[in-house]
Amino acid sequence: MNVAVTYEEALASVLPIVRTQEVRRVTLADVAGEILARDVMADRNIPPFPRAAMDGFAVVWSGREVDLPYRVIGTVNPGGDWSGNASGADCIRIMTGARVPPPFDTVIQVELSEVDGGGNVRFIGPVKRGANIAEEGEDVRKGSLLIGTGTLLSPHHVATLSSVGQWEVPVYKRPSVAVLATGSELLEPWESAQGPMIRNSNSHFLLAALKGLGFTDVRYLGIVPDEREQIVSKIREGLDCDFLLLSGGVSVGDVDIVPDCLKECGVRKILHKVAVKPGKPIFAGESPGGGIVIGLPGNPVAVMVHFHMFIRPLLLKASGATEYLPKPIHLPLAKSATNKSGGKKFTIARLESNGGETRVAEIPSHGSGDFVSANGADGVFEIPLGTVELPAGHTVRFYPIWGNFFSGDEDR
Ligand code: AMP
Ligand code: MG
């Protein structure tokens, strides 16, 4: 008898055996979507010099700027420089981004200036000492940590990497992943399906989801019928990879022989039942070579949900990420929701905005076989284990695992 563990226990029992990969270097163009393998520090102060934050005039502050006519004794453009002596009645013309040269310490924006008939400048408003200058090191001090090891890099990180001269960036290699579908009822999408046969959607979902997360070392093993020798032989192929993801055949039906076949291949069982809906029968194990084997139930919605809620954390951890658990957003429910599963339930939902408030709306579904219902989903929300009903307005944990957060409505 397999005892059901909680979703949290399931993750906690597999995560410790996940190993990270080696480090490789990629150039800036390829770094978004990769996971940083070394801390990135500031190689200089940011800003690296006192920087004019406005177009205008640099003066030596005295507090009497509105009383004086100023003589313009030079100009500094970004990237340019100026040096010389300046008296209290001298100023230089300066542009945004330029270094403010000594002895100047204050920039008065061009909007507060008037050039008089004699070619002098007068200022028409008071200024504070240091106005409109970003001080050297005000954002970041040289040597401080900018991006930590294990960060999943996005385009905005690329801006930081560029600014500190990191153009060949150490990132973690991704683990290799094998995908196998089991089920005698399965045909590939390019085959004509008739009678009791259905098309394999799980594998192609998994391949697409892996690609979306940046996994490129992926081996697709195809479909195998519910026949022991064939399953065993395909499992053996898949065990060469760091991860083997199977779908189908892990439940309690007569033809659900995948766990037995895995055992025959030397896979050590870690768990085989998780108190979670959809998809209670989930198998997780460790291969003789230290790889991770996950057997998902065949139900397509369970495969989709568990890829994000259970497998993705493992894959991200194996890729060196320090933040790999799904991050919930706490939002109110649009309508009451029920959980008759006796475990934790992840319910497919979309976000609705109404009168300045965003609510989580359950998507009506016929159950975990109804994968078409996921098409309009933004993610899932959680009904905790032991909770049978949540009232409308109750704050739930919503996981935005699918959403495209664009709108067709211009007046939001
Ligand atoms: P199983 O976990 O093998 O009992 O399968 C549960 C349900 O999921 C059955 O209705 C299967 O036909 C269906 N199913 C299994 N594998 C796939 C697959 N690769 N693609 C789509 N549906 C599947
Ligand atoms: Mg099956």
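As shown above, the structure is provided for reference.
In this report, the structure presented in the accompanying data block is examined. (Residues numbered from 1 in each chain as written. Chains lettered and ligands numbered in written order. Predicted model: local features only at pLDDT ≥ 70, side-chain atom pairs only at ≥ 80, totals over all residues. Heavy atoms only, no water.)

### Describing the overall build of the protein chain
Looking only at helices and strands, the protein chain features six helices and 28 strands. In terms of overall dimensions, the protein chain is more spread out than a globule: its C-alpha atoms have a radius of gyration of 30 Å, far above the 22 Å expected for 412 residues. On the principal axes, the C-alpha backbone points of the protein chain span a range of 100 × 50 × 40 Å. Here the protein chain holds 412 residues, and 44% of them are scored as buried. Considering only residue pairs separated by 6 or more positions, the protein chain has 69% of its internal contacts joining residues 24 or more positions apart. Surface summary for the protein chain: the accessible area is close to 20500 Å², and the carbon and sulfur share equals 50%. Here the protein chain carries 40 positive and 47 negative side-chain charges, and the mean point of each set is 4 Å from the other. (Helix = DSSP H or I, 4+ residues; strand = E, 2+ residues; numbered from the N terminus. Rg over C-alpha atoms; globule rule 2.2 N^0.38 Å. Buried < 20%, exposed > 50% of the residue type's maximum accessible area, 1.4 Å probe, protein only. Contact = heavy atoms within 4.5 Å. Areas by Shrake-Rupley, 256 points an atom, 1.4 Å probe, with all protein chains shown as cover. Lys, Arg positive; Asp, Glu negative; His and termini not counted. Charge placed at Lys NZ, Arg CZ, Asp CG, Glu CD.)

### A few points about the site of ligand 1
Lining the immediate environment of ligand 1, one finds 16 residues, of which Glu185, Asn200, Ser201, Gly249 and Gly298 sit closest. Between a nitrogen atom of ligand 1 and a side-chain N or O atom of Asn200, the distance comes to 2.8 Å. Residue Ser201 places a main-chain N or O atom 3.0 Å away from a nitrogen atom belonging to ligand 1. In isolation ligand 1 offers 480 Å² of accessible surface; the protein chains occlude 76% of this area. Classifying every residue of the shell around ligand 1 gives five nonpolar, eight polar and three charged. (Near = heavy atom within 4 Å. Polar contact = N/O pair within 3.5 Å; in protein donor to acceptor, adjacent residues only side chain to side chain. Nonpolar A, V, L, I, M, F, W, Y, C, P; charged D, E, K, R; others polar.)

### Looking at the packing of helix α3 (residues 202–212) against helix α6 (residues 300–318)
Packing of α3 against α6 leaves a shortest axis separation of 11 Å and a crossing angle of 35°. Note on packing geometry: the crossing formed by α3 with α6 is right-handed. Contact residues: Asn202, Phe205, Leu206, Ala209 and Leu210 in α3; Pro300, Val303, Met304, Phe307, His308 and Leu315 in α6. Of the residues in the contact of α3 with α6, the class split is nine nonpolar, two polar and no charged. (Axes fitted to C-alpha atoms, helices over the stretch in contact; angles between N-to-C directions. Left-handed = near helix turned anticlockwise from the far one by under 90°.)

### Quick notes on the state of the cysteines
A full pass over the atoms with the stated rule returns zero disulfides. Here Cys241 is not cross-linked by a disulfide; its sulfur's nearest cysteine counterpart is in Cys265, at 14 Å. By relative accessible area, Cys241 is classed as buried at 7%. (Disulfide = S-S within 2.5 Å.)

### Comments concerning empty space enclosed by the protein
Applying the stated criterion to the full structure yields one cavity of 30 Å³ or more. Within this model, the largest cavity holds a volume of roughly 70 Å³. Every residue lining the largest cavity is listed: Ile17, Val18, Arg19, Gln21, Asp242, Phe243, Gly290, Gly291, Ile292 and Ala318. Taken together, the residues of the lining of the largest cavity break down into five nonpolar, three polar and two charged. (1 Å grid on protein atoms, 1.4 Å probe; cavity = no way out; pocket = protein on both sides within 12 Å on 5 of 7 lines; lining within 4 Å. Points joined across faces, edges and corners; volume = space filled by probe spheres on them.)

### Things to note about helix α1 (residues 7–14)
Those residues of α1 not exposed but buried are Tyr7, Ala10, Leu11 and Val14. Viewed along the axis of α1, the buried residues span an arc of 95°, placing them on a single side of the element. Packed against the buried residues of α1 are β18 (268–271), β20 (283–286), β21 (292–296), α6 and β24 (344–354). (Arc of directions from axis to C-beta.)

### What to know about the sheet that holds β20
With mixed pairing, the six strands of this open sheet are ordered in space as β16-β13-β17-β21-β20-β18. One side of each edge strand has no neighbouring strand; the edge strands of this open sheet are β16 (218–224) and β18. Neighbour to neighbour, the strand axes of the sheet diverge by 20° on average, direction disregarded. Across the sheet, α3 lies against β13 (177–182), β16 and β17 (243–247), angled at about 165° from β13, the strand it touches most. Docked against the sheet, helix α4 (residues 228–238) engages β13, β16 and β17, running at close to 180° with respect to β16. (Pairing = 2+ DSSP bridges.)

### Thoughts on the nonpolar core
One broad rule of soluble globular proteins: the nonpolar side chains tend to lie buried together. Ile294, Phe307, Phe310 and Leu314 are the most contacted members of the largest nonpolar core, which totals 43 residues. Listed by contribution, the elements that provide at least two residues to this core are α1, β13, α3, β17, β21, α6 and β24. Every residue in contact with Phe307, bar those within four places of it in the chain, is listed here: Phe205, Leu206, Ala209, Leu210, Leu213, Ala302, Arg312 and Leu315. Residues Ala178, Leu244, Cys265 and Phe283 belong to the second largest nonpolar core, which totals 20 residues. (Core = buried A, V, L, I, M, F, W, Y, C linked by side-chain atoms within 4.5 Å.)

### Brief notes about the sheet that holds strand β6 (residues 90–94)
Strand order in the open sheet made by the six strands is β7-β4-β6-β5-β9-β8, with mixed pairing throughout. In this open sheet, the two edge strands, each paired with only one partner strand, are β7 (106–109) and β8 (113–115). Neighbour-to-neighbour, the strand axes of this sheet turn through a mean angle of 40°, independent of strand direction. Here two bridges tie strand β5 (residues 69–76) to strand β9 (residues 121–123), and the two strands are oriented antiparallel to one another. Within β9, the residue paired with Pro69 across the bridge is Arg122.

### So, the environment of Val301
Mapped onto the elements, Val301 comes out in helix α6. The buried category is assigned to Val301, whose relative accessible area is 5%. Measuring from C-alpha to C-alpha, the distance between Val301 and Val372 comes to 8.8 Å, with 71 residues separating the pair along the chain.

### Things to note about the pattern of salt bridges
Inspection of every chain in the model, using the stated rule, returns 16 salt bridges. Where Glu34 meets Arg24, a salt bridge forms, and the shortest distance between an N and an O atom there is 3.3 Å. Of this pair, Glu34 sits in the loop between β1 (23–27) and β2 (40–41) while Arg24 sits in strand β1; the two residues are ten residues apart in sequence, bridging distant segments of the chain. Judged by relative accessible area, Glu34 falls into the buried class, the value being 11%. (Salt bridge = Lys/Arg side-chain N within 4 Å of Asp/Glu carboxyl O.)

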